[in-house]
Amino acid sequence: MAALGWLTPRRRSATARSVLAGEASAEAARKSSQDAAEVSPPVSDEEPEFPVLGDEKAAAFFDLDNTVMQGAALFHFGRGLYKRKFFETRDLAKFAWQQAWFRLAGVEDPEHMQDARDSALSIVKGHRVAELMSIGEEIYDEYMAERIWPGTRALAQAHLDAGQKVWLVTAAPVEIAQVIARRLGLTGALGTVAESVDGVYTGKLVGEPLHGPAKAEAVRALAAAEGLDLARCAAYSDSHNDIPMLSLVGHPYAINPDTKLRKHARKLDWRLRDYRTGRKAAKVGIPAAAGVGAVAGGTAAAIALHRRRR
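In short, a report on the structure.

Moving on: the packing of helix α5 (residues 129-144) against helix α7 (residues 174-183). At a minimum axis distance of 9 Å, the contact between α5 and α7 shows a crossing angle of 50 degrees. Accordingly, the angle class assigned to the pair α5 and α7 is oblique. As α5 packs across α7, the resulting crossing turns out to be right-handed. Where α5 approaches α7, its residues V129, L132, M133, G136, E137, Y140, D141 and M144 are matched on the opposing element by E175, I176, Q178, V179, I180, R182 and R183. Looking at the contact of α5 with α7 residue by residue, the classes come out as eight nonpolar, two polar and five charged.

Before going further, it helps to examine the environment of I180. Mapped onto the secondary structure, I180 falls in helix α7. The sequence separation of I180 and D141 amounts to 39 residues, and the corresponding C-alpha distance is 9.8 Å. If near-sequence neighbours (up to four positions away) are discounted, I180 is found in contact with L64, A73, Y140, M144 and L168.

Two measures define how a pair of helices packs: the angle their axes make with one another and the distance between the axes. Where helix α2 (residues 73-83) meets α5, the closest approach of the two axes is 9 Å, and the angle between their N-to-C directions is 105 degrees. By the angle between their directions, the pair α2 and α5 is classed as roughly perpendicular. In contact with A73, H76, F77, R79, G80, L81 and K83 of α2, α5 contributes L132, I135, G136, I139, E142, Y143 and M144. Of the residues in the contact of α2 with α5, the class split is eight nonpolar, three polar and three charged.

Our next topic: the side chain of S237. One can find S237 in strand β6 (residues 234-237). A polar side-chain atom of S237 sits 2.6 Å from a polar atom in the side chain of D242. Aside from chain neighbours lying at most four places away, what touches S237 is D63, T67, D242, M245, L246, Y253, A254, I255 and L261.

This part covers the packing of aromatic side chains. Throughout the structure, instances matching the rule amount to two aromatic pairs. With 4.1 Å between their ring centres and 5 degrees between their planes, F62 and Y236 make a pair best called stacked. Note that F62 is positioned in strand β1 (residues 59-63) and Y236 in strand β6, a separation of 174 residues in sequence. Residue classification places F62 among the buried residues on the basis of a relative accessible area of 1%. Here Y236 falls in the buried class, since its relative accessible area comes to 2%. Both rings, one in Y236 and one in Y253, keep their centres 4.7 Å apart while their planes meet at 10 degrees; by these two values the pair is stacked. Of this pair, Y236 sits in strand β6 while Y253 sits in strand β7 (residues 251-255), and the two are 17 residues apart along the sequence. Like Y236, the residue Y253 is buried in the burial classification. In textbook terms, an aromatic cluster arises when at least three aromatic residues are bridged by ring pairs, as seen for F62, Y236 and Y253.

Across the sheet, six strands lie side by side as β3-β2-β1-β6-β7-β8; this open sheet has parallel pairing. Both outer strands of the open sheet, β3 (188-192) and β8 (271-273), are each paired with one neighbouring strand and no more. The mean angle between the axes of side-by-side strands here comes to 20 degrees, regardless of whether they run parallel or antiparallel. Sheet topology note: the β1/strand β2 (residues 165-173) ladder contains five bridges and is parallel. Bridge pairing links D63 to V169 in β2.

Once that is clear, we can look at the pattern of salt bridges. Overall, the coordinates contain 15 salt bridges when judged by the stated rule. The closest approach of N and O atoms between R232 and D55, which form a salt bridge, is 2.7 Å. Within this pair, whereas R232 is found in the loop between α8 (213-226) and β6, its partner D55 is found in the loop between α1 (16-35) and β1, the two being separated by 177 residues in sequence. By relative accessible area, which is 36% here, R232 ends up partly exposed. Accessibility expressed as a relative area gives 12% for D55, which makes it buried. Within this structure, K83, R84, E138 and E142 form a network of salt bridges that share partners.

Right, let's talk about the environment of L248 for a bit. Inspection of the secondary structure puts L248 in helix α9 (residues 243-248). Look at L248 and you get buried, because its relative accessible area is 17%. Taking the C-alpha atoms as reference, L248 lies 9.0 Å from A234; in sequence the two are 14 residues apart. In this structure L248 touches A216, V219, R220 and L230, once residues within four positions along its chain are discounted.

Cut-off values and rules
- Residues numbered from 1 in each chain as written.
- Predicted model: local features only at pLDDT ≥ 70, side-chain atom pairs only at ≥ 80, totals over all residues.
- Heavy atoms only, no water.
- Axes fitted to C-alpha atoms, helices over the stretch in contact; angles between N-to-C directions.
- Helix = DSSP H or I, 4+ residues; strand = E, 2+ residues; numbered from the N terminus.
- Parallel < 35°, antiparallel > 145°, perpendicular 65-115°, else oblique.
- Left-handed = near helix turned anticlockwise from the far one by under 90°.
- Contact = heavy atoms within 4.5 Å.
- Nonpolar A, V, L, I, M, F, W, Y, C, P; charged D, E, K, R; others polar.
- Polar contact = N/O pair within 3.5 Å; in protein donor to acceptor, adjacent residues only side chain to side chain.
- Phe/Tyr/Trp six-rings, centres within 6.5 Å; stacked < 30°, edge-to-face > 60°.
- Buried < 20%, exposed > 50% of the residue type's maximum accessible area, 1.4 Å probe, protein only.
- Pairing = 2+ DSSP bridges.
- Salt bridge = Lys/Arg side-chain N within 4 Å of Asp/Glu carboxyl O.

Below, the structure is given as C-alpha cells:
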C-alpha cells in the first residue's frame, strides 16, 4: 500500500494493526467519496441548534450495526451470499445463530464477530471486488433497506441538511459499507479493508477489522485529511466498543446503547436516544421529527432470519 503522506502525527494508543486498518479505511473512504457525484443537500427551513448550519469544519460519524440498522450488516451480507450459493447450509446456520444472538442481546460478541469475519474472508477469496459490489446492491434491497432505523436516519439527515458530510464507520467490509452509505444518501463509509490484487480478493485483511480503537484511528485519519475539527464533529454509536471513537469528538451520542455504553454516557453526560423501545431519551437538539417511526420490531428478531431461506 502506498504511504499515506497526508496523515498527521497521532497518539499511538492503538496497536499498529489498528492504525493500519484505520488509515486504509480512511483512504478507501476518501477515494470513494471523491469518485461519487456531488449533490447539494437540501437546507431545512427550520435551523436546528445542532448541527450548526454551514459549519464546514464539522462532520458526523455513524456506527452501522444496531445504530443505523437493526442487526449486523455482515450477517445480512452472508445471507445474501448463501442465497447465491457462495457457501453451504451449515454455514448459513452459523450466520443465523450469530445474527439472532446479536439482535436479541443487542451487543457484540467478539468471538461471534471474529468467526463471521473469518468466514466472510474465506468465502470472498478469489472473487472480484466489482462482483461483490454489484451483489451488495442487491443484498441491500433484499435484507437491509427495511432494517434502517428511521430515527437514526433522521439524525444523519439533519447533518446533511446543515451542509455537513456524514460517514458510516463500521467493521463491515468497506465495499458493503459504501453501498449502504450511497443508498442512504450519505457522504461515504469507513469500513474493514480486505486485501485485493488486480481487483481480486486474496482472503487477507489490510491491518485488522475496523473495530474499537481502529475505528477511532480511521476517524482521526479522515478528519486530518478533510481538514475537520473533531471538537466540532459528532459521533453516534450503540456499543461500548466505540467509546474510543465517541471520545474523539466534541458531540458524542449513545444511540440504542448497550449497558456499558449507557452507563458511560450518563457518567460523562453524553446525549442518549433509544429507538428500540420508542422511549424518548435526552434531547439531542434536532427537530422532533427525528423520532417519528422509531419503534423497532425487535421481538421477532430470531424468526426474521428464517423467514426467507432460499
